[in-house]
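# Fold and contact review
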Amino acid sequence: MYSEKVMDHFTNPRNVGEIKDADAVGQVGNPKCGDIMKMYFKIENDTVKDVKFKTFGCGSAIASSSMATELIMGKTIDEALALSNKAVAEALDGLPAAKMHCSVLAEEAIKSAIYDYAQRNNKEYEGLKGYKPPTGDEDHHDLVEE
Ligand code: FES
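Here is a short report on the structure shown in this document. These numbers were taken from a predicted model, which means no experiment stands behind them.

Turning next to the overall build of the chain. Across its full length, the chain carries five helices and three strands. Taken against the 2.2 N^0.38 rule, which gives 15 Å for 146 residues, the C-alpha radius of gyration of the chain at 14 Å falls within 12% of a compact globule. Counting only C-alpha atoms, the chain reaches 45 × 30 × 25 Å along its principal axes. Here the chain, with 146 residues, has 47% of them falling under the buried criterion. The long-range share in the chain, meaning contacts at least 24 apart out of those at least 6 apart in sequence, stands at 61%. For the chain, the accessible surface area stands at approximately 7400 Å², while carbon and sulfur atoms represent 47% of it.

Okay, here's the thing in structure tokens:
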């Protein structure tokens, strides 16, 4: 049911933890399953210098956050904002359909953190156009693109 990559990132997640003096923090949750994902960023010259995450959630959410942090490490903010949940799932060699929403959490956590960064530094990013910060009422199960 789960790919080897999912199992690998679930049992040995990369970039777990917290950045104390983070430049940006994003947190998202899924009210249906109750899972919560928090991401911390160090940003320099609009580039992701470091990113760590804490996920209180299912194995697919942990694997998705681990893979997402690897995919955006060292990338520009614009590149990080362009990372879709589909790309995260593909990098994991796929997720079961019922677990695709877990990868949405990773995409949303990145957006939420960069939104925080933009707010703190009075910046605007193309990838945040029309973005609304999470209110906690979202249902990511409905946001999944098949
Ligand atoms: Fe909801 Fe995985 S079951 S994030």
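With that settled, the discussion passes to the pairing of strand β1 (residues 24-29). Here is the key point about a regular strand: its side chains alternate between the two faces of the sheet. Here β1 shows a buried face lined by A24, G26 and V28 and an unburied face lined by V25, Q27 and G29. Pairing of β1 with strand β2 (residues 36-44) involves six bridges; the strand directions are antiparallel. Of the residues in β2, the one forming a bridge with A24 is F41. Remark: six residues form the turn of the hairpin made by β1 and β2, two consecutive strands paired antiparallel; G34 in that turn has positive phi of roughly 80 degrees.

Right, let's talk about the environment of G74 for a bit. As for its placement among the helices and strands, G74 is situated in the loop between α2 (59-72) and α3 (77-81). The spatial distance from the C-alpha of G74 to the C-alpha of M37 is 21 Å, given a sequence separation of 37 residues.

Moving on to the sheet that holds β1. If you trace the three strands from one edge of the open sheet to the other, you get β1-β2-β3, paired in antiparallel fashion. Every other strand in the sheet has two partners, leaving β1 and β3 (47-56) as the edge strands with one partner each. Between one strand axis and the next, the sheet turns by 15 degrees as a mean value, whatever way the strands run. For β2 and β3, the ladder comprises nine bridges, and the chain directions are antiparallel. Bridge pairing in β3 links F41 to V51. α2 rests against β2 and β3 of the sheet, and its axis sits at about 175 degrees to β3.

On to unusual backbone geometry, then. Notably, D46 is not glycine yet its phi reads approximately 60 degrees, a positive angle. Among the structural elements, D46 can be located in the loop between β2 and β3. D46 sits in the partly exposed class, given a relative accessible area of 26%. Of note, N122 is a non-glycine position whose phi angle comes to about 55 degrees, a positive value. Locating N122 in the fold gives a position in the segment after α5 (100-121). By relative accessible area, N122 is classed as exposed at 75%.

For the rest of this paragraph, the subject is a nonpolar patch on the surface. A contiguous nonpolar surface patch, about 440 Å² in accessible area, is contributed by M1, Y2, M7 and F10. Tracing the chain through its elements places M1 in the segment before α1 (4-11). The exposure class of M1 is exposed, given its relative accessible area of 81%.

Attention now moves to α5. In this model α5 runs 33 Å from its N-terminal to its C-terminal C-alpha over 22 residues, within 8% of the 32 Å that 1.5 Å per residue would give. Burial analysis of α5 places 18 of its 22 residues in the buried class, the great majority of the element. Once α5 finishes, N122 follows within two positions and takes phi at roughly 55 degrees, a positive value.

Procedures and definitions
- Per chain, the residues get numbers from 1 upward, laid out in the order the sequence is written.
- Residue-level local features of this predicted model are given only where pLDDT is at least 70; pairs of side-chain atoms are given and counted only at 80 or more, and the full residue set underlies all totals for whole chains, interfaces and linings.
- By convention in this description, side-chain values take in all heavy atoms of the structure and omit both hydrogens and water.
- The helix and strand labels rest on DSSP assignments: H or I over at least four residues marks a helix, E over at least two residues marks a strand, and numbering proceeds from the N terminus.
- As a reference, a globule follows 2.2 Å times the number of residues to the power 0.38, and the radius of gyration itself is taken over C-alpha atoms.
- Each residue is assigned to one of three classes by its accessible area relative to the maximum for its type, calculated with a 1.4 Å probe on protein chains only: buried under 20%, partly exposed between the two thresholds, exposed over 50%.
- In what follows, residue pairs with any heavy atoms lying within 4.5 Å of each other are defined as contacts.
- For every accessible area listed, the method is Shrake-Rupley and the probe measures 1.4 Å; residues are considered covered only by the protein chains on display.
- Two strands make a pair as long as DSSP finds a minimum of two bridges between them.
- Lines fitted to the C-alpha atoms define the axes, with helices restricted to the stretch that makes contact. Angles between their N-to-C directions range from 0 to 180 degrees.
- Patch building starts from residues that exceed 30% relative accessible area and form no salt bridge, then joins like charges within 9 Å and nonpolar side chains (Val, Leu, Ile, Met, Phe, Trp, Tyr) within 5 Å.
- By salt bridge we mean one thing: a side-chain nitrogen of Lys or Arg within 4 Å of a carboxyl oxygen of Asp or Glu.
- The span expected for a helix works out to 1.5 Å for each residue beyond the first.

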